[in-house]
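Here is how the chains run, residue by residue.
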Amino acid sequence: MANRSKFLPTSDLGLIKTISQQVENIPINAFIFHVSRCGSTLLSQCLSAVSTNIVVAEAPILDEILQNSLHKSEEEIELLFKETLKILGQKRHEENLFFVKLDSWHLNNYEQLRKWFPNTPFYFLIREPKAVIQSHQKRRGIHMIPGYLPTTSTNVIVKQEHFENFDLYTADVLEIFYQKIALILAFKNSLDVVFDYKNSPEKMIYTFNTLINNQLIDLESMVKRTNYHSKFPNQSFSEENPDWTDFPHTSCLQHYLKLEMYE
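Here, residues in each chain are numbered from 1, in the same order as that chain's written sequence. Where local features are concerned, this predicted model is filtered to residues with pLDDT of at least 70; where side-chain atom pairs are given and counted, the filter is 80 or more; whole-chain, interface and lining totals use all residues. Side-chain figures throughout are based on the complete set of non-hydrogen atoms in the structure, without hydrogens or water.

### Regarding the overall build of the protein
At step 1: Strands are runs of DSSP state E lasting at least two residues, helices are runs of H or I lasting at least four, and both sets are numbered from the N terminus onward. Summing up its helical and strand segments, the protein has 12 helices and 5 strands in all.
At step 2: Radius of gyration here is computed from C-alpha atoms only, and the compact-globule reference equals 2.2 Å multiplied by the residue count raised to the power 0.38. Compactness check: the protein gives a C-alpha radius of gyration of 19 Å against a globular reference of 18 Å for 263 residues, within 12% of the reference.
At step 3: Overall, the C-alpha framework of the protein stretches about 55 × 45 × 40 Å when taken along its three principal axes.
At step 4: Three exposure classes are used, based on accessible area relative to the maximum for each residue type with a 1.4 Å probe and protein chains only: buried under 20%, partly exposed in between, and exposed over 50%. Put simply, the protein has 263 residues, and 48% of those count as buried.
At step 5: Between two residues, a contact is recorded if the distance between any of their heavy atoms is within 4.5 Å. Of all intrachain contacts in the protein linking residues separated by at least 6 positions in sequence, the fraction that spans at least 24 positions is 77%.
At step 6: Roughly 14300 Å² of accessible area belongs to the protein as shown, and the carbon and sulfur atoms make up 50% of that amount. Working definition of accessibility: Shrake-Rupley area with a 1.4 Å probe, residue cover restricted to the visible protein chains.

### A word on the packing of helix α3 (residues 60-68) against helix α4 (residues 74-88)
At step 1: Helix axes use the C-alpha atoms of the stretch in contact, all axes being lines fitted to C-alpha atoms, and the angles between their N-to-C directions lie in the range 0 to 180 degrees. The N-to-C vectors of α3 and α4 enclose an angle of 175 degrees; their axes lie 10 Å apart at closest approach. As far as their axial angle goes, α4 and α3 are roughly antiparallel. Seen from α3, the contacting residues are Ile61, Leu62, Ile65 and Leu66; seen from α4, they are Ile77, Leu80, Phe81, Thr84, Leu85 and Leu88.
At step 2: Any residue outside Ala, Val, Leu, Ile, Met, Phe, Trp, Tyr, Cys, Pro, Asp, Glu, Lys and Arg is labelled polar, Gly included; the first ten of those are nonpolar and the last four are charged. In terms of residue class, the contact of α3 with α4 is made up of 9 nonpolar, 1 polar and no charged. Comment on the angle field: the value is read as roughly parallel under 35 degrees, roughly antiparallel over 145, roughly perpendicular from 65 to 115, and oblique elsewhere.

### Here we look at the sheet that holds strand β4 (residues 122-126)
At step 1: Two strands qualify as a pair provided that DSSP identifies no fewer than 2 bridges between them. Ordered in space as β2-β3-β1-β4-β5, the 5 strands form an open sheet in which the pairing is parallel. With partners counted over all chains shown, the strands left at the sheet margins are β2 (53-57) and β5 (192-196), one partner each. Across the sheet, the mean angle from the axis of one strand to that of its neighbour is 20 degrees, orientation sign disregarded.
At step 2: Where β2 meets strand β3 (residues 97-101), 5 bridges bridge the pair, whose relative direction is parallel. When the sheet's bridge partners are listed, Val55 is paired in β3 with Phe99.
At step 3: Here α4 sits on the sheet and contacts β1 (30-34), β2 and β3; the angle it forms with β3, its principal contact strand, is near 120 degrees.

So, in structure tokens, the structure goes:
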């Protein structure tokens, strides 16, 4: 950002607390977790189709707080995170619902976030690994590039073969994500719900609405948005179903299949 503006930031983190105390905000209604390329962007856009919803998707400041607050106590990080949410959830007009889609690697912050938000619904989106990998082959996310993010983000130790085969690295990251979600769902918290994108985007909307006690309005507009590509909103969406016969990352696939028992 320093190269994009002639202005230099001079405020410190204390400004967040000051601003958060001055705004009228909407409490968080749900967090959206995901394994990437599994409908989370589409869900965010569907929710955004209704003007009474505030939707924040993968805000860099939230990642910065979760990943880089090394010199702060747990209590300080929690307070900073919640104060930032107040600013992001600021009421502008007639909004009454507030949703936050986190980065996929924030699955590893589950225990921390669940402790901070014990009464908030957590929605987990998954998808079959071959479809996820195929999507990243077209446009790879930063978390699926070996060495781009610190190991603490993905919990995958980068190996030489990962640089030779990015798909292998993506499969290893996905396997960790699937394992993490299985551990989370084993707790059987009624506020933690998993949805597989293969079950249709339309059903994704209704399942999410059920989790938040049917608070959504104008579901028709949201469902209409599911007919279009999440990355290219003006394009109708269609894709082929993955063929498992030539999928080489068997361990990753097995951990995905284990999640089906929780649906």
